[in-house]
There are 2 protein chains.
Amino acid sequence: MFNAFLLRLMHASELGDQEIQAVEELCRQPRDVGAKKYLSRDGDEMHSFPIILSGWAARYQILRNGARQITRLLLPGDAFYFDCSPDGIAIEEVITLSPCKIVNIAHADMRRLIDRFPAIGEAMRSYGGMENAVLASWVVNVGRRDALERMAHLICETHYRLSLVDAHQSQQIFFPLTQDDLADVLGLTPVHINRKLQQLRQEGLISLRSKQLTIHDLRTLQQIAGFDPSYLAPRVQTVRERERLRVIAA
Amino acid sequence: MFNAFLLRLMHASELGDQEIQAVEELCRQPRDVGAKKYLSRDGDEMHSFPIILSGWAARYQILRNGARQITRLLLPGDAFYFDCSPDGIAIEEVITLSPCKIVNIAHADMRRLIDRFPAIGEAMRSYGGMENAVLASWVVNVGRRDALERMAHLICETHYRLSLVDAHQSQQIFFPLTQDDLADVLGLTPVHINRKLQQLRQEGLISLRSKQLTIHDLRTLQQIAGFDPSYLAPRVQTVRERERLRVIAA
DNA sequence: CGCAAAAACAAACCTTTGTTATTGCCAGAA
DNA sequence: TTCTGGCAATAACAAAGGTTTGTTTTTGCG
């Protein structure tokens, strides 16, 4: 089984054997964490940053009125808090949505590694850029799409992100979000999520039961969402290449 | 007059004299750009990335139906596309909102600089982390706050960000956003922006005329928005320090 | 100065989404 | 087995914000 985090970095930047080995060294001995466990609470001091080698987690904020907004979905291979000032404090919480394999990397270790291998620093910066792009796409999603479009977009995006770290990714996805979670990702209420989920089902586009999501018609979902994967694609270099992506996405 | 970009980096990470000089070297000979000029169009190839030394710009996406969502407000000292893969292509557009001073930095130059001064790489990564934090706060803003709260939050955030690069920042701000622009930042319609702007004025919290924004009651705005500046604060290291920030923000 | 274009303001009416409440189902604990 | 709690489904009603349209101010410019 492949190291999902390493895969991410390799998408982000060209790495040599030495660098690959050094990164794998860092990920020895992950620990297992159950579902619904906090990986970080507000105010925690972060001397190290976590990497999710497998499983799903969510990073979110809680407002005074108790409302929750999930700001990132953390999928296999994702790291978080790597770009905080070392020794800063956490200002968002992170909770696992499924059992996870996690490894923690001390900021100091990563810094040493980057001093030795600048390409890894480049890869981390580039990985950060991708996280950035996903966040921007969420702003667009919540700001300018209606409920159905938002759901369709989230499904397309998640499916695509998973396919980047799992070559065998099928149309059948492990999808541990409850309707409450979905609501907090998309800036809607659980009731409305339910309504629109029904609609997607009735139109034959997806099935979703007991954390198993099946995509029956990705093409139409992309159509509804106006999904364009280029913001997620590692190193898209030309307009032509992007056109190709748009076409073969389905 | 101080180099706003350098200031940002110095907030993000400790820089020595050599590093400071090297960054200033990069920013020689900025060019002047008028308002409403494109700094990047969809599909542009980015061999270099721009830094805004003065003035405002907006980075946005356009959906198929013509709707626009601004994903970042670029203020003095901000850089963009620095975290793309070098030689990647732009997938969002950037337009100036006021006359700007801009300098372009070749990715290759920056890379060389970072190889020589790892602290600058660290600073760029950390700066990227702050952009990330702002994006997440926008997701929360658009996802979970109502119109009035969103406006209040944007005002607080912008005021705070400006104060980081201008020590003399007063309650009187140059604020070049039109109501249409505000709508596209906050995920609302211009009409509704107008309604809520009226409300803020009537309650005596702000004045806004001909691009001059005056904040009469920051305290109450922060109250309405639930604004907590710690996500913007350079290197907040302890919970105690954050408490202090929350209190003195006004 | 005077004009055209852009921006701001206003009101009526409509749509999407939120609120509240109730019910049923299923998996895991006792 | 029965109980419990989390999750999903559904309905009736309320509210926030969108749409459309038109008027009035500002602003920039010849």
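In what follows, the structure referred to is the one given above.
Since we're looking at a predicted model, the values are computed, not measured.

Thresholds, definitions, all that
- Residues numbered from 1 in each chain as written.
- Chains lettered and ligands numbered in written order.
- Predicted model: local features only at pLDDT ≥ 70, side-chain atom pairs only at ≥ 80, totals over all residues.
- Heavy atoms only, no water.
- Near = heavy atom within 4 Å.
- Polar contact = N/O pair within 3.5 Å; in protein donor to acceptor, adjacent residues only side chain to side chain.
- Helix = DSSP H or I, 4+ residues; strand = E, 2+ residues; numbered from the N terminus.
- Nonpolar A, V, L, I, M, F, W, Y, C, P; charged D, E, K, R; others polar.
- Least-squares fit on C-alpha atoms with pLDDT ≥ 70 in both.
- Expected span 1.5 Å × (residues − 1).
- Buried < 20%, exposed > 50% of the residue type's maximum accessible area, 1.4 Å probe, protein only.

### Things to note about the protein's contact with DNA strand D
Logical step 1: The environment of DNA strand D is made up of 18 residues, and the closest members are Gln 179 and Asn 194 of chain A together with Ala 147, Arg 195 and Ser 210 of chain B.
Logical step 2: Close to the protein, within 4 Å, the atoms of DNA strand D are drawn from sugar and phosphate at a rate of 66%.
Logical step 3: Between DNA strand D and Gln 179 of chain A, the relevant distance is 2.6 Å, taken from a phosphate oxygen to a side-chain nitrogen or oxygen of the residue.
Logical step 4: Every element with two or more residues in the surface near DNA strand D is listed here: α7 (190-202) of chain A together with α7 (190-202) of chain B.
Logical step 5: With five residues, α7 of chain A is the largest single contributor of residues to the surface near DNA strand D.
Logical step 6: Looking at the surface near DNA strand D, its residues break down into four nonpolar, eight polar and six charged.

### With respect to the relation of the copies chain B and chain A
Logical step 1: Each copy of the sequence occupies a distinct position, and chain B is placed on chain A by a rotation of 180° and an axial shift of 0.0 Å, giving an RMSD of 0.0 Å. Expressed as a symmetry operation, the mapping of one chain copy onto the other fits a two-fold axis.

### So, helix α4 (residues 118-144) of chain A
Logical step 1: When the terminal C-alpha atoms of α4 of chain A are compared, their 39 Å separation across 27 residues agrees well with the 39 Å that a helix rising 1.5 Å per residue should span.
Logical step 2: Of all 27 residues in α4 of chain A, 26 are buried; the element is thus mostly enclosed.

### Concerning the protein's contact with DNA strand C
Logical step 1: Every one of the 16 residues lining DNA strand C counts as a neighbour, but Thr 189 and Arg 195 of chain A together with Gln 179, Asn 194 and Arg 201 of chain B are closest to it.
Logical step 2: Here, DNA strand C places atoms within 4 Å of the protein, and 67% of those atoms are sugar or phosphate.
Logical step 3: Between Thr 189 of chain A and DNA strand C, the recorded distance is 3.0 Å, taken from a side-chain N or O atom to a phosphate oxygen.
Logical step 4: A distance of 3.2 Å separates a phosphate oxygen of DNA strand C from a polar side-chain atom of His 192 of chain A.
Logical step 5: Breaking the surface near DNA strand C down by element, the ones donating at least two residues are α7 of chain A together with α7 of chain B.
Logical step 6: Of the residues forming the surface near DNA strand C, the biggest block, five residues, is contributed by α7 of chain B.
Logical step 7: Each residue belonging to the surface near DNA strand C can be placed in one class, and the counts come to four nonpolar, seven polar and five charged.

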